[in-house]
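Letter by letter, the chains look like this.
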Amino acid sequence: MAGNLIEKKIVLFAAAAGLVASPAFGILVRDDRTQEAYLGAAQDEMFRPVGKVVRNGILRGGGVLVSERFVLTSAGNVINTTPDEFEFEFNIGGEMYDVASIKIHPKFYNDPINGADLALVELAQDVPAEIKPASVYGGSDEMGREAILAGPGTSGPGAGGGLFQDGQFRAGTNMIDEVFDDGKIAWLKTDFDNPNSSTPNPLGSDTPTDMEFGMGSGDFGAPLFIELNGRKFVAGVASYFTPNALYGSTNFYTRVSHYADFFEDCGIIVEVPAPASLAMIGLGVLLSGGRRRR
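Residues numbered from 1 in each chain as written. Predicted model: local features only at pLDDT ≥ 70, side-chain atom pairs only at ≥ 80, totals over all residues. Heavy atoms only, no water.

Helix and strand content of the protein: 4 helices and 19 strands. Counting over 294 residues, the protein shows a buried share of 50%. The long-range fraction of contacts in the protein, counting pairs at least 24 apart against all pairs at least 6 apart in sequence, stands at 71%. (Helix = DSSP H or I, 4+ residues; strand = E, 2+ residues; numbered from the N terminus. Buried < 20%, exposed > 50% of the residue type's maximum accessible area, 1.4 Å probe, protein only. Contact = heavy atoms within 4.5 Å.)

For the rest of this paragraph, the subject is the pairing of strand β18 (residues 250–255). With 6 of 6 residues buried, β18 is to be regarded as a mostly interior element. Here strand β17 (residues 231–242) pairs with β18 via 6 bridges, running antiparallel. When the bridges of β18 are listed, Y240 appears paired with F252. (Pairing = 2+ DSSP bridges.)

If you walk around this closed barrel you meet the 6 strands as β2-β3-β4-β7-β6-β5, and the pairing is antiparallel. Here the strands of the sheet are splayed against their neighbours by 45 degrees on average, with no regard to which way each runs. Pairing of strand β5 (residues 88–92) with strand β6 (residues 95–104) involves 4 bridges; the strand directions are antiparallel. Looking across to β6, one finds that I92 is bridged to E95. (Axes fitted to C-alpha atoms, helices over the stretch in contact; angles between N-to-C directions.)

Our focus in this paragraph is the confidence of the model for the protein. For the protein, per-residue confidence averages 83 on the pLDDT scale, and residues scoring 70 or more make up 83% of the total. Below pLDDT 50 for its whole length, residues 277–294 participates in 2 contacts with residues either more than four positions away or in separate chains. (pLDDT = per-residue confidence, 0-100.)

A word on the nonpolar core. Counting residues in each nonpolar core, the largest one holds 60 residues, and the members touching the most others are L72, L120, F225 and F263. Here the element with the most residues in this core is β17; it accounts for 7 residues. Ignoring anything within four residues of it in the chain, the contact list for L72 reads G63, V64, V66, L118, A119, L120, G221, V234, V237, V256 and F263. (Core = buried A, V, L, I, M, F, W, Y, C linked by side-chain atoms within 4.5 Å.)

Pairing between side chains of opposite charge can happen when the charged atoms of each approach one another. Counted by the stated rule, this structure contains 12 salt bridges. Residue R30 is joined to D32 by a salt bridge in which the shortest nitrogen-to-oxygen separation is 2.8 Å. Across the pair K189 and E178 runs a salt bridge whose closest N-O atoms are separated by 3.2 Å. Here E178 lies in strand β13 (residues 178–181) and K189 lies in strand β14 (residues 186–191), a separation of 11 residues in the sequence. (Salt bridge = Lys/Arg side-chain N within 4 Å of Asp/Glu carboxyl O.)

Residue position: D31 is located in the loop between β1 (25–29) and α2 (35–41). Here D31 falls in the partly exposed class, since its relative accessible area comes to 37%. Between the alpha carbons of D31 and A159 there is a distance of 7.1 Å; along the sequence they are 128 residues apart. Ignoring anything within four residues of it in the chain, the contact list for D31 reads P157, G158, A159 and Y247. Engagement of the side chain of D31 in a polar contact is seen with the backbone nitrogen of A159, the distance being 3.5 Å. Of note is the side chain of D31, whose polar atom sits 2.3 Å from the side chain of Y247. (Polar contact = N/O pair within 3.5 Å; in protein donor to acceptor, adjacent residues only side chain to side chain.)

A few words now on the pairing of β14. Burial runs high along β14: 6 of the 6 residues are buried. Residues A186, L188 and T190 of β14 are buried on one face, and the alternating residues W187, K189 and D191, pointing to the opposite face, are buried as well. Note: β13 against β14, 4 bridges, orientation antiparallel. Bridging from a neighbouring strand, D181 pairs with A186 of β14. Linking β13 back to β14 in an antiparallel pair, the connection comprises 4 residues, with G183 at a positive phi of about 90 degrees.

Right, here's the structure in full:
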């Protein structure tokens, strides 16, 4: 039994590592939706800080600006690179930026399945001020929320077949069906529900969101956003999927709030937004001048 589990982990890691190295799959889409819908969704203002991690001109995966100089991506995109930072660039807004340094989470052990699949890439040049960094989520209210992801790479239908690559970003939505956090590693999990069938359905409801998607290798390192109190936060980083990128797959995102110290060590703010009810109470006090009725 233990041997089977080890073999399964090796197969999953080998698949994940191999897919990261080549821009195979990107966001896979619902068969009953158009590619134009997913392409259009990726043009939303919220995705301005999202870009591509590139090594020697080859796509490694996605990433997102989380401070003036730091890009958050998956450790799997940049592992075993020291001192090869000069081989990497970050493409954001169509512009390429050199990499000054790479910080991989110390608990990433060359295997995303073991968790801590996070890296902070320091850019050598400033990104224009009009591109605002994304906010990093530090709370614990992800479960059951609709999540949003924009990823680069090849695309195609969730049923399989007809894959193609055009290097464009596509954005879609999914529900966070499970939050796993055992104190050592932490995941946000989604699945790719089939609009034409309730099976297979690994997690949660079998009803897909309107813009349901499946994560693929071209998406590793891309940010998973959630919305709270009208603001978007990076809650997860695309890490791996199993058993494939098609309908019925389970998608694993590193839960960033579990690793708050990693961000804070680089001077990156991790935010814990107040619940909406408390925010409204605060707004009421502000509007009343902070006075109580007597």
